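Next come the chains, spelled out residue by residue.
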Amino acid sequence: MSFYSWFYRSLFYFHLIISIFEFALTLTLIILVLHNPELFFQINHPDDEDWELISISYRIAILVLFLIGTIRTHYKPEFTGLELDFTMPTTPLSRKHKRYIPYHLLGDYRTENFGDKTCSAGSQCENRQLEHIFIFHFRGHNPQQRYFDILSSKNKKNIYIGFHQTNPSSAILIAHSDFMISTKYESTMIGHGVYFARSREGTDRKANRHGAFLCAEIYMGNVLRINPDQRNLYRGKNDWWEEYDTAYFCHTDPKLDEFCVKSPDQVLRWIVVIEKEFDERVNKYGLNIEFSDTKCGCF
């Protein structure tokens, strides 16, 4: 086992210990609050020193929970193969950026062995969590029906899942800021906006850049339906912006539907996957073999 692999596993156990401690501390705090609610909600004037000590303990417990939350970290790729003139952003990650997912966790890489299976619900899965979609489903999975086939009663918040493919450099910039509006005539078939497909596979024929995938939750707003015979009616234009928030193109092949939103503000949150040739950390830390040397197939 390499040093990097050992280090990664040590980090994993460290976070496991923190999680256990956090759970125990939270459970203890809940029990104390349920047994002595007056101490938690009325601690300004305790009647005696014992009560004051307990109230201070509550405050310390809350502070410890907060500090534990700040210790938690998420996976970050070790980027390679980026453009020579690319400068890594120094600004914090966007609040919309949930996390990077290492590519080896994608459904494509799952072994289907016990402890490493994809989602048993398959195409019928109704889980809309972004991480679940990327990790437990194969390429080509459409997490939702075509937009206009979804009953409004089942989508009251008007949220739709979209996929975007670009190069790693652009994905990094998005992670540290936000999406940018596409305005070039040749790449805006249904008008100016931020473009998305219904599935990860659906981005392959549409993306001008490759090497990184984003899965996002998008507020659709008022949606313009564009049929195949209207395909280039809005190319290079933003005429529909005055009345609509989103343009949705219904392709003759439903799997190739695409849509664009007029404002990055409509993209609520996202996760990012950097492909294998641009991320060294997976191999360096032995993450790609973490399921091949487990005990009993799961531990």
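Residues numbered from 1 in each chain as written. Predicted model: local features only at pLDDT ≥ 70, side-chain atom pairs only at ≥ 80, totals over all residues. Heavy atoms only, no water.

Focus on the overall build of the chain
Test applied: A helix here means a DSSP run of H or I that spans at least four residues, while a strand means a run of E at least two residues long, and both kinds are numbered starting from the N terminus. The cut-offs for exposure are 20% and 50% of the maximum accessible area for each residue type, with area from a 1.4 Å probe on protein chains only; residues under the lower value are buried, those over the upper are exposed, and the others partly exposed. Any two residues whose heavy atoms approach within 4.5 Å are treated as being in contact. Per-residue accessibility takes into account occlusion by the displayed protein chains alone, with areas from the Shrake-Rupley method and a 1.4 Å probe.
Along its length, the chain carries six helices and eight strands. If you list the helices and strands of the chain from N to C, you get α-α-α-β-α-β-α-β-β-β-β-β-β-α. Of all 299 residues assigned to the chain, the portion counted as buried reaches 44%. Here the contacts in the chain between residues at least 6 apart in sequence split such that 75% fall between residues at least 24 apart. Working note: accessible area of the chain is about 17,600 Å², and carbon and sulfur atoms make up 56% of it.

Considerations on helix α5 (residues 168-176)
Most of α5 sits inside the fold, with eight of its nine residues counted as buried. Within α5, the full set of buried residues consists of P168, S169, S170, A171, I172, I174, A175 and H176. Along its buried surface, α5 packs onto β1 (97-100), β2 (159-166), β4 (212-219) and β8 (267-274).

With respect to empty space enclosed by the protein
This is how it is decided: A pocket, in this scheme, is an open set of points on a 1 Å grid over the protein atoms alone with protein on both sides within 12 Å along at least 5 of 7 lines, while a cavity is a set where a 1.4 Å probe fits but cannot get out; residues line either one if an atom lies within 4 Å of a point. Grid points are joined across faces, edges and corners, and a volume is the space filled by probe spheres set on the points. All residues other than Ala, Val, Leu, Ile, Met, Phe, Trp, Tyr, Cys, Pro, Asp, Glu, Lys and Arg, Gly among them, are scored as polar; the first ten of these are nonpolar and the last four charged.
According to the stated counting rule, one finds one cavity of 30 Å³ or more in the structure shown. Space inside the largest cavity adds up to approximately 50 Å³. Around the largest cavity, the lining residues are I133, F134, H137, F138, R139, G140, H141, F163 and R200. Looking at the lining of the largest cavity residue by residue, the class counts come to four nonpolar, three polar and two charged.

Regarding the confidence of the model for the chain
Convention followed: pLDDT is defined as a per-residue confidence score from the predictor, taking values between 0 and 100.
When pLDDT is averaged across the chain, the result is 84; 79% of the residues are at 70 or more. Scored below 50 in pLDDT, residues 1-5 makes eight contacts in the model with residues more than four places away or belonging to other chains.

Remarks on the environment of L105
On the secondary structure map, L105 appears in the loop between β1 and α4 (130-136). For the pair formed by L105 and V273, sequence separation is 168 residues and the distance between their alpha carbons is 9.5 Å.

Observations regarding unusual backbone geometry
Non-glycine residue N158 carries a positive phi angle of around 60°. Look at N158 and you get buried, because its relative accessible area is 14%.

Describing the pattern of salt bridges
Spelled out, the test is: Any carboxyl oxygen of Asp or Glu that lies within 4 Å of a side-chain nitrogen of Lys or Arg is treated as forming a salt bridge with it.
The final tally for this structure, using the stated rule, is 12 salt bridges. The salt bridge involving D108 is made with R139; its shortest N-O contact spans 3.6 Å. Taken together, the residues D108 in the loop between β1 and α4 and R139 in the loop between α4 and β2 connect sequence positions 31 residues apart. Taken together, the salt bridges that share partners define one network made up of D108, R139, R200 and D204.

Focus: the side chain of H176
Among the structural elements, H176 can be located in helix α5. The buried category is assigned to H176, whose relative accessible area is 13%. In contact with H176, not counting residues within four places along its chain, are P89, T91, P92, L93 and S94.

With respect to the pairing of β4
This is how it is decided: Following DSSP output, two strands are said to pair if at least two bridges run between them.
Of all eight residues making up β4, seven are buried, and the element is well covered by its neighbours. For β2 and β4, the ladder comprises eight bridges, and the chain directions are antiparallel. Directly across from I159, in β4, lies its bridge partner Y219. Note: β4 against β8, seven bridges, orientation antiparallel. Each bridged residue has a counterpart across the sheet, and for C215 the counterpart in β8 is I271.

Looking at the environment of G81
Position of G81 relative to the elements: it lies in the loop between α3 (49-71) and β1. Remark: the alpha-carbon pair of G81 and E280, spanning 199 residues in sequence, is separated by 9.7 Å.

Remarks on the packing of aromatic side chains
The geometry of an aromatic ring pair comes down to the distance between the two centres and the angle between the two planes. We count it as follows: Between rings of Phe, Tyr and Trp, where Trp is taken as its six-membered ring, a pair exists when centres lie within 6.5 Å; planes separated by under 30 degrees are stacked, by over 60 edge-to-face, and by other angles tilted.
Within the structure shown, the criterion is met by 14 aromatic pairs. Both rings, one in Y147 and one in Y160, keep their centres 5.7 Å apart while their planes meet at 80°; by these two values the pair is edge-to-face. With Y147 in the loop between α4 and β2 and Y160 in strand β2, this pair connects stretches of sequence that are 13 residues apart. Just as Y147 is buried, Y160 falls in that class too. Ring plane angle 10° and centroid distance 5.9 Å describe the contact between Y248 and F259, whose orientation is recorded as stacked. Here the residue Y248 occupies a position in strand β6 (residues 246-249), and F259 occupies one in strand β7 (residues 258-261), the gap between them amounting to 11 residues.

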